[in-house]
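# An overview of the molecular structure
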Amino acid sequence: MILVSVMYPGGSDAQPFDLDYYLKHHMPLVRERWSSMGLDKVEVVKASGTPDGSPAPFQVMALLTFRSLDDFQKAGAAHGKEIFGDIPNFFKGQPVVQINEPQSF
């Protein structure tokens, strides 16, 4: 299993983010295209700040759990152009994508 983090930069100079479009259009598109390709779970988190009160470094993060790295790569090859091509409809900046391996403790 892998966890793909798609993080949209925040901070004091953050680009505007259309959360309504993201939740009502973009994330349903992600589920529709990738659920049959190994996407098991999707969680979206919206930043509310940092402990010292400064703006959060990322304003929104999508956490996508895939069965395997191979599944994510195949899903990206099949529908990545469409999904990543939708980003300018809700965010003018560039998201940071990170692949993570969940650890048990």
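None of the values given here were measured: they were computed from a predicted structure. Each chain carries its own residue numbering, running from 1 in the written order of its sequence. Whole-chain, interface and lining totals are the exception, using all residues; otherwise, since this is a predicted model, local features are given only for residues with pLDDT of at least 70 and side-chain atom pairs are given and counted only at 80 or more. Side-chain figures throughout are based on the complete set of non-hydrogen atoms in the structure, without hydrogens or water.

When you line up the elements, S5 lands in strand β1 (residues 2–9). The term polar contact refers here to a pair of N or O atoms within 3.5 Å; inside protein, the definition further demands a hydrogen-donor-capable atom paired with an acceptor-capable atom, and it admits residues adjacent in sequence only when both atoms are side-chain atoms. A distance of 2.9 Å separates a polar atom in the side chain of S5 from a polar atom in the side chain of N100. Note on contacts: a residue pair qualifies if any of its non-hydrogen atoms lie within 4.5 Å across the two residues. Ignoring anything within four residues of it in the chain, the contact list for S5 reads A62, L63, V96, V97, Q98 and N100. The numbering of helices and of strands both runs from the N terminus, where a helix is a DSSP run of H or I of at least 4 residues and a strand a run of E of at least 2.

Next up on the list: the UniProt feature "domain: EthD" (unreviewed entry) in the protein. What UniProt calls "domain: EthD" (unreviewed entry) maps, in this numbering, to residues 20–91. The span residues 20–91 carries 44% helix and 24% strand; its end-to-end C-alpha distance comes to 12 Å. UniProt positions are given in the numbering used here, feature names are shortened, and annotations may be inferred rather than shown by experiment.

Right, let's get into the packing of aromatic side chains. Paired rings are identified among Phe, Tyr and Trp, the last through its six-membered ring, by centres lying within 6.5 Å, and are further divided according to the angle between planes into stacked (under 30 degrees), edge-to-face (over 60) and tilted (the rest). For the coordinates displayed, the defined rule picks out 12 aromatic pairs. Between F17 and Y22, the aromatic rings sit 5.1 Å apart at their centres with planes inclined by 70 degrees, giving edge-to-face as the arrangement. Comparing F17 with Y22 shows no difference in burial state: the two are buried. One aromatic cluster is present, built from ring pairs that chain together Y8, F17, Y21, Y22, F90 and F91. To sort residues, take the accessible area from a 1.4 Å probe on protein chains only and compare it with the maximum for the residue type: under 20% means buried, over 50% means exposed, and anything in between is partly exposed.

On to the pattern of salt bridges. Here, a salt bridge means any Lys or Arg side-chain nitrogen found within 4 Å of an Asp or Glu carboxyl oxygen. Taken as a whole and assessed by the stated rule, the structure comprises five salt bridges. The salt bridge involving K74 is made with D70; its shortest N-O contact spans 3.1 Å. Here the residue K74 and the residue D70 both occupy positions in helix α2 (residues 69–85), the gap between them amounting to four residues, near one helical turn. Taking relative accessible area as the criterion, D70 reaches 39% and is therefore assigned partly exposed. Taken together, the shared-partner salt bridges in this structure form one network comprising E32, R33 and E82.

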